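Notes for the structure review
Given next are the chains, with one letter for each unit.
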Amino acid sequence: MFTELRGAVAAMVLAGVAAGGSPAAAADIGIDAENKVVTIGAFTPVTGPVPFYAILTHAAEAYYRNLNETGGIDGWTVNYVTKDDGYDPARSVAVTRQLVEDDGIFALSAPIGTATNVAVLPYAREVRLPVVGPIGGASAFFVEPNVFPLLPDYGWSAASNLDYAVNTLGLKKVALLWENDELGKSAKRGFDTYMEELGLAEAESVPFDVKTTSFSPHIRRVANSGAEAVILFGSNANLAAALKAADLQGLDVAWFAPFFTADPSTLKLAGDLLDGVYFSSWLLPVSSDEPEIAAYRDSIARYYPDDPVGVFGLNGWSNAAIFHKGFEALLKSGNELTRENLVAALETLEGAAVGGARGVTFELGDHRGTRQEGIIQAKGDSFELVQEFRAYPPVVFEAPKSQ
């Protein structure tokens with residue numbers, strides 16, 4: 001099905017059918033071969049309900065600025081154009097049209113948001129626009145022919161946490177606290193499926209609203225269940241509030257949470273209570289000595305000194321790195337510099353190091369970028385890798401089919 005869709009959309013572009021009915025040149029969109037410049041872009045919420053998400057875009061911009069100053073991609077310079085969408089899906093579509101039709105971008109790189117990226121998919125299919133490193137968590141991304149995500153389905157991350165709790169720490173009574181939206185429901189799907197694989201029953205499963213600030217009743221249910229470990233999938237504020245409620249009730253358990261909470265912002269909220277918490281993570285710790293992580297820290301300090309250095313920024317940095325790897329592979333292939341050939345080049349990545357991620361692989365029909373996670377633990381004011389990256393537990397989900 002995906003091959004047929006790719007062929008159909010490519011044929012539309014080659015036939016000169018683009019948005020608005022204007023002709024589109026398949027070989028030169030966003031490509032200035034004479035000056036060796038490739039133009040790419042992203043939508044980002046500078047205004048709207050989540051302006052702090054601009055940290056993600058700052059990190060992506062820092063990636064490309066650092067890349068250009070250190071020789072570019074085999075001598076090619078990246079022109080990175082970003083536009084504000086206010087975190088409004090309708091505006092995201094309009095902005096993407098502007099980026100394509102006015103700025104002539106070759107691809108989207110690190111566009112921000114789950115709902116916003118999902119909204120853009122129909123238009124991206126229409127013009128065969130690669131969406132590289134969408135910073136969101138929709139399962140639909142994994143099967144879209146022209147979308148290349150790093151972020152995993154949260155079900156796999158929850159299963160990784162559960163695997164460490166049961167098979168490494170030997171804890172059999174595990175409870176789940178889950179945000180009652182797509183994030184938490186995805187985590188619950190993975191948790192439930194892997195618990196069944198392990199032949200275990202949940203100690204407790206408690207949903208909560210993302211705006212929850214008091215976790216006293218939730219913790220009471222967990223305590224009454226006799227749980228030895230708790231996996232929480234929600235925001236850093238949710239995690240901090242739950243840890244405080246557990247401390248007040250004297251609940252002594254092992255705590256687990258997703259990658260994006262392994263961040264100094266969570267430490268600021270939870271203080272010493274964060275010490276010892278485990279996190280499944282497709283990203284290396286921000287404190288890692290790996291060259292890519294050191295480059296992230298140095299670049300943020302140079303280009304955006306007022307931005308915090310943490311998982312949030314490393315996420316943006318790493319998603320920008322996917323386009324770098326894909327365009328580099330395209331240049332090495334010797335194939336014509338087209339969007340379709342960029343997609344094909346990205347599908348040759350296998351076990352690649354991409355920013356703070358490891359083992360990144362894309363295949364035709366299967367665009368799960370990160371296929372493994374490590375376990376990070378909060379220790380004092382730092383975050384340390386306590387289990388090396390390994391493949392996700394054998395949990396199979398049916399991702400929604402491309403439409």
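The present account deals with the structure reproduced in this document. If you're wondering where the values come from, they're calculated on a predicted model, not measured in any experiment. (Residues numbered from 1 in each chain as written. Predicted model: local features only at pLDDT ≥ 70, side-chain atom pairs only at ≥ 80, totals over all residues. Heavy atoms only, no water.)

What about the overall build of the protein?
For the protein, the count of helices and strands is 12 helices and 15 strands. Against the 2.2 N^0.38 benchmark of 22 Å for 403 residues, the protein shows a C-alpha radius of gyration of 21 Å, consistent with a compact globule. Once the C-alpha set of the protein is aligned to its principal axes, its extents read approximately 65 × 45 × 35 Å. Evaluated residue by residue, the protein yields a buried proportion of 57% over its 403 residues. Considering only contacts in the protein between residues 6 or more positions apart, those separated by 24 or more positions represent 70%. Approximately 15,600 Å² of the protein is accessible, and the part contributed by carbon and sulfur atoms is 51%. (Helix = DSSP H or I, 4+ residues; strand = E, 2+ residues; numbered from the N terminus. Rg over C-alpha atoms; globule rule 2.2 N^0.38 Å. Buried < 20%, exposed > 50% of the residue type's maximum accessible area, 1.4 Å probe, protein only. Contact = heavy atoms within 4.5 Å. Areas by Shrake-Rupley, 256 points an atom, 1.4 Å probe, with all protein chains shown as cover.)

Quick notes on the packing of aromatic side chains
Where two aromatic rings form a pair, the distance of their centres and the angle of their planes describe that pair. Evaluated as defined, the whole model comprises 23 aromatic pairs. A centroid spacing of 4.9 Å and a plane angle of 85° characterise the contact between F52 and Y53, whose relative ring orientation is edge-to-face. Overall, the relative accessible area of 47% leaves F52 in the partly exposed class. Residue class for Y53 comes out partly exposed when judged on its relative accessible area of 22%. When the centroid spacing of 6.1 Å and the interplanar angle of 85° are considered together, the rings of F106 and F327 count as edge-to-face. Of this pair, F106 sits in the loop between α3 (89–101) and β4 (108–109) while F327 sits in helix α11 (residues 311–333), and the two are 221 residues apart along the sequence. F327 sits in the buried class, given a relative accessible area of 0%. (Phe/Tyr/Trp six-rings, centres within 6.5 Å; stacked < 30°, edge-to-face > 60°.)

Considerations on the nonpolar core
Membership of the largest hydrophobic core comes to 113 residues, with the highest contact counts inside it found for W255, F279, F323 and F327. Here this core gets 10 residues from one element, more than from any other, and that element is α11. Counting residues in each nonpolar core, the second largest holds 17 residues, with I105, V120, A124 and A138 among its members. (Core = buried A, V, L, I, M, F, W, Y, C linked by side-chain atoms within 4.5 Å.)

Topic: helix α5 (residues 154–168)
Taking 1.5 Å of rise per residue, the 15 residues of α5 would be expected to cover 21 Å, and the 20 Å separating its terminal C-alpha atoms lies within 8% of that figure. With 13 of 15 residues buried, α5 is to be regarded as a mostly interior element. Its side-chain oxygen at 2.6 Å from the backbone nitrogen of G155, D153 defines the N-terminal cap of α5. G170, located one to two residues past α5, shows a positive phi value of around 75°. (Expected span 1.5 Å × (residues − 1). Polar contact = N/O pair within 3.5 Å; in protein donor to acceptor, adjacent residues only side chain to side chain.)

Considering the environment of G170
As for its position among the elements, G170 is in the loop between α5 and β7 (174–179). With a relative accessible area of 42%, G170 lands in the partly exposed category. C-alpha of G170 to C-alpha of E228: the two residues are 58 residues apart in sequence and 9.8 Å apart in space.

Topic: unusual backbone geometry
In this structure, K36 takes a positive phi of about 55° despite not being glycine. Residue placement: K36 occurs in the loop between β1 (31–32) and β2 (37–44). K36 sits in the partly exposed class, given a relative accessible area of 34%. The backbone phi angle of Y87 is positive, close to 60°, even though this residue is not glycine. Accessibility expressed as a relative area gives 26% for Y87, which makes it partly exposed.

So, the packing of helix α2 (residues 54–69) against helix α10 (residues 291–303)
With their axes 9 Å apart at the nearest point, α2 and α10 run at an angle of 100° to one another. As far as their axial angle goes, α10 and α2 are roughly perpendicular. On α10, the residues that touch A59, A62, R65, N66 and E69 of α2 are Y296, S299, I300, R302 and Y303. A class-by-class count of the residues in the contact of α2 with α10 yields five nonpolar, two polar and three charged. (Axes fitted to C-alpha atoms, helices over the stretch in contact; angles between N-to-C directions. Parallel < 35°, antiparallel > 145°, perpendicular 65-115°, else oblique. Nonpolar A, V, L, I, M, F, W, Y, C, P; charged D, E, K, R; others polar.)

Limitation: the analysis is restricted to geometry and does not speak to function.
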